[in-house]
2 protein chains.
Amino acid sequence: MYKEKRISIAVIRRLPRYYRYLGDLLDNGITRISSKELSVRMNITASQIRQDLNNFGKFGQQGYGYNVESLYEEIRTILGLGKPHDIVIVGAGKIGQAIVNYKHFERRGFKFVKIFDKNEAIVGNKINGTSIDHISNLRAYIDEHKIDFLALTVPYEACDEVMELIKGSSIRGIWNFSPVDLELPDGMIVENVHLTDSLMTLSYKLNEDSILGEYGPKK
Amino acid sequence: MYKEKRISIAVIRRLPRYYRYLGDLLDNGITRISSKELSVRMNITASQIRQDLNNFGKFGQQGYGYNVESLYEEIRTILGLGKPHDIVIVGAGKIGQAIVNYKHFERRGFKFVKIFDKNEAIVGNKINGTSIDHISNLRAYIDEHKIDFLALTVPYEACDEVMELIKGSSIRGIWNFSPVDLELPDGMIVENVHLTDSLMTLSYKLNEDSILGEYGPKK
C-alpha cells in the first residue's frame, strides 16, 4: 500500500536547492556538515532538513552529520541526474536563446542538442554551439536520437502543432515556457515555467498585508 | 489571532491560473460559470476551487455559479493588479531581453520602464521600446520614480553589487532569475525563477517511479 505514496511536491522542490548547496560545499572542499550548519546556510530549520532527507533513506549519522559527497551523489541519483540528459528546444526566440546560452545547465548534466524553429531563414545558424534545424525535421530527430526531454519555447498559438508532432514519440518530459496548460498524452510529464504567473505571485506577496486585512479570515 | 494566518503558498500559486482562465472566459464572452465547469476546464476538482476561493471571501452563489467578471476583478485586486506596476530590469542579457520582449506582461498590467546594464556599449539602445541605461544611474532612477519592482537578470557574481545599490530604496519586490538565494533586507520580498531547479524538478518527476522503488517508504 505504501507504493501509492508520493513524495510531496514541496519536498521535491527543495531537492534541487539541497543539490546546489551541497555542490557549493564540495567546490569549497567541505566534506562533512551537520544538519544545523546546513540549516543556517540554507535558511530552513534543521528538523525540516532531517525530515526532507528521511523521505529518501537514512543519510545522516548521529554526532557526525552528513557526508557531503555521498549526500550530493544520492540526491543526484534521486533527481535523475546520474546520466546526462539531451534536450531539444522548440522555438528559437528570445526565451529559447536565453536558455541555450545559460551556462548552468551543462554543469548539472543537461545538454541542448538541437533547436527547432519554423523560420527557414535561421536554419543552419548556431546559438552557443547548438545548431538550428527546421521544425519539419523535429520528429525524425527525436526518433533517431531517442530524445526524451523537450523545452517548449514557442508562442502559445504554436503549442498544439508541436504537441501533435511529438505525439507517440520518445518524449517524456516537457519543460514548458508557454503560458498555457498543455494537454498531455499519457506518460508525458510537464514542468511549467509560467513567467506571468510568477510575476503575479510576486505582486500578490507585496499586496498581501492589505489583502489579509480585507479578505483574510476574520476574527 | 487570525491575523497571523497566512494563505497557503499552494493557494496563492493557483490564483494567477484562475486569473488567466477567467480572463480567457471574458475574452470569449462567457459571463457566468459553475465551479464544476471551471473545474473541467482547469483540471482541478470543483471542491478545490470552492475551497480556494473561500479563502478570500464569498464569491459564488448556490445554483448560479460564479459571475466571471466580478470574480476576475476580485482576483485582480487580490493579486495587486488593480493598478499598473512599473518594473526596472537589471541585466540586459538574454534573459533580460526575453522578458522585455514577452508580450503577456503588459496585458497583466506590468510595464518594463528601463533596463540597466554595466556594458557602456549598449547604453542608449532600445529593446522592444524600453531603453537601456547604465547601472550607475539605477539608484537615482529608482528614487526619482519610486520604483518598487525590480527584475534581476544578472549573472550571480553581480547580484551582491545590485543588492548593495538598492539597499534602503523604494524597491520592495525582486523577481530573481539568478541561481542564488538572495539575502534580503527587511521589507523586501523575492520571487525566484530558478531555471536550473525547475529543470531538475522535471528530471526528478521523470525518474520518480524508479526512485519510489528504491528510495520510497518500504512496506
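Residues numbered from 1 in each chain as written. Chains lettered and ligands numbered in written order. Predicted model: local features only at pLDDT ≥ 70, side-chain atom pairs only at ≥ 80, totals over all residues. Heavy atoms only, no water.

Undergrad: Where do I start with the relation of the copies chain B and chain A in this structure?
TA: Between chain B and chain A, the superposition needs a rotation of 180° and an axial shift of 0.0 Å, giving an RMSD of 0.0 Å. This pairing of chains is accounted for by a two-fold axis. Both copies present the same face, since 99% of the interface residues in chain B are matched by interface residues at the equivalent positions in chain A. (Least-squares fit on C-alpha atoms with pLDDT ≥ 70 in both. Contact = heavy atoms within 4.5 Å.)

Undergrad: Which parts of the structure should I look at to understand unusual backbone geometry?
TA: Glycine aside, the phi torsion of most residues is negative, and most peptide linkages are trans. Positioned with a positive phi, N128(A) is a non-glycine residue whose angle comes to about 50°. Mapped onto the elements of the fold, N128(A) is located in the loop between β5 (126-127) and β6 (130-134). The backbone of N43(B) shows a phi angle near 60°, a positive value even though the residue is not glycine. You can see N43(B) is positioned in the loop between α2 (35-42) and α3 (46-54). (Helix = DSSP H or I, 4+ residues; strand = E, 2+ residues; numbered from the N terminus.)

Undergrad: What is the right way to read the sheet that holds β5(A) from this model?
TA: Paired through backbone hydrogen bonds, the strands of a sheet run either parallel or antiparallel to each other. Residues and elements named next belong to chain A. With mixed pairing, seven strands are arranged side by side in an open sheet as β5-β6-β4-β3-β7-β8-β9. Unpaired on one side and paired on the other, β5 and β9 (189-192) mark the two borders of the sheet. For strand β8 (residues 173-176) and β9, the ladder comprises four bridges, and the chain directions are parallel. Across the sheet, residue N176 finds its bridge partner in β9, namely N192. Across the sheet, helix α8 (residues 159-166) touches β3 (85-90), β7 (149-152) and β8, and the angle it forms with β7 is around 165°. (Pairing = 2+ DSSP bridges. Axes fitted to C-alpha atoms, helices over the stretch in contact; angles between N-to-C directions.)

Undergrad: Is there a simple way to explain helix α1 (residues 9-27) of chain B in this structure?
TA: Along an α-helix, a turn takes 3.6 residues, which lines up residues three or four apart on a common side. Residue and element names in this part refer to chain B. Compared with the 27 Å implied by 1.5 Å per residue over 19 residues, the 28 Å span of α1 between its first and last C-alpha is a close match. Every buried residue belonging to α1 is among V11, I12, L15, P16, R17, Y18, Y19, R20, Y21, L22, G23 and L25, and all of these are buried. At the exit of α1 stands G29, carrying a positive phi of roughly 75°. (Expected span 1.5 Å × (residues − 1). Buried < 20%, exposed > 50% of the residue type's maximum accessible area, 1.4 Å probe, protein only.)

Undergrad: Please explain the sheet that holds strand β6 (residues 130-134) of chain B as it appears in this structure.
TA: Residues and elements named next belong to chain B. Sheet architecture is open: seven strands sit in the order β5-β6-β4-β3-β7-β8-β9, paired in mixed fashion. Each edge of the open sheet is held by one strand with a lone partner, namely β5 (126-127) and β9 (189-192). Here helix α7 (residues 138-145) sits on the sheet and contacts β3 (85-90), β4 (110-117), β6 and β7 (149-152); the angle it forms with β4, its principal contact strand, is near 155°. Sheet strands in contact with helix α8 (residues 159-166) are β3, β7 and β8 (173-176), and its direction is about 165° off that of β7.

Undergrad: Explain the environment of R139(B) to me, please; I cannot follow it from the model alone.
TA: Residues and elements named next belong to chain B. Position of R139 among the secondary structure elements: in helix α7. Spatially, the C-alpha atom of R139 lies 13 Å from that of D117, the residues being 22 residues apart in sequence. If near-sequence neighbours (up to four positions away) are discounted, R139 is found in contact with L165, I166, K167, G168 and S169. A polar side-chain atom of R139 sits 2.8 Å from the main-chain carbonyl oxygen of K167. (Polar contact = N/O pair within 3.5 Å; in protein donor to acceptor, adjacent residues only side chain to side chain.)

Undergrad: Just checking my understanding: could you explain the packing of α2(B) against α3(B) for this structure?
TA: Packed helices, taken two at a time, are described by the angle their axes make and the gap between the axes. Residue and element names in this part refer to chain B. α3 packs onto α2 with a crossing angle of 105° between their chain directions and a minimal axis gap of 8 Å. Comparing their axes, α3 and α2 come out roughly perpendicular. From α2, S35, K36, L38 and S39 reach across to α3, where they touch A46, I49 and R50. (Parallel < 35°, antiparallel > 145°, perpendicular 65-115°, else oblique.)

Undergrad: Looking at this structure, I do not really get the interface of chain B and chain A. What am I missing?
TA: Across the boundary between the two partners, chain B contributes 75 residues, which contact 74 residues of chain A. Joining chain B to chain A, the criterion identifies eight salt bridges. Measuring nitrogen to oxygen at the nearest pair gives 2.9 Å for the salt bridge that ties K205(B) to E191(A). Where chain B meets chain A, there are 33 residue pairs in polar contact (both at pLDDT 80 or more). (Salt bridge = Lys/Arg side-chain N within 4 Å of Asp/Glu carboxyl O.)

Undergrad: What is the right way to look at helix α2 (residues 35-42) of chain A in this model?
TA: Residue and element names in this part refer to chain A. Of all the positions in α2, only S35, L38, S39 and M42 are classed as buried. Buried residues of α2 fall within an arc of 105° about the axis and therefore sit on the same side. Exposed residues pointing more than 90 degrees away from the buried face of α2 are listed as K36 and V40. The secondary structure elements touched by the buried residues of α2 are α1 (9-27), β1 (32-33), α3 (46-54) and β2 (66-67). (Arc of directions from axis to C-beta.)

Undergrad: How do you make sense of the nonpolar core when you look at a structure like this?
TA: Grouped burial of nonpolar side chains is what soluble globular proteins tend to show. Judged by nonpolar contacts, the single largest core of 98 residues is most densely connected at W175(A), L195(A), W175(B) and L195(B). Setting aside its immediate chain neighbours within four residues, W175(B) contacts L195(A), S198(A), L199(A), L202(A), I99(B), F105(B), F112(B), L150(B), A151(B), L152(B), E191(B) and V193(B). (Core = buried A, V, L, I, M, F, W, Y, C linked by side-chain atoms within 4.5 Å.)

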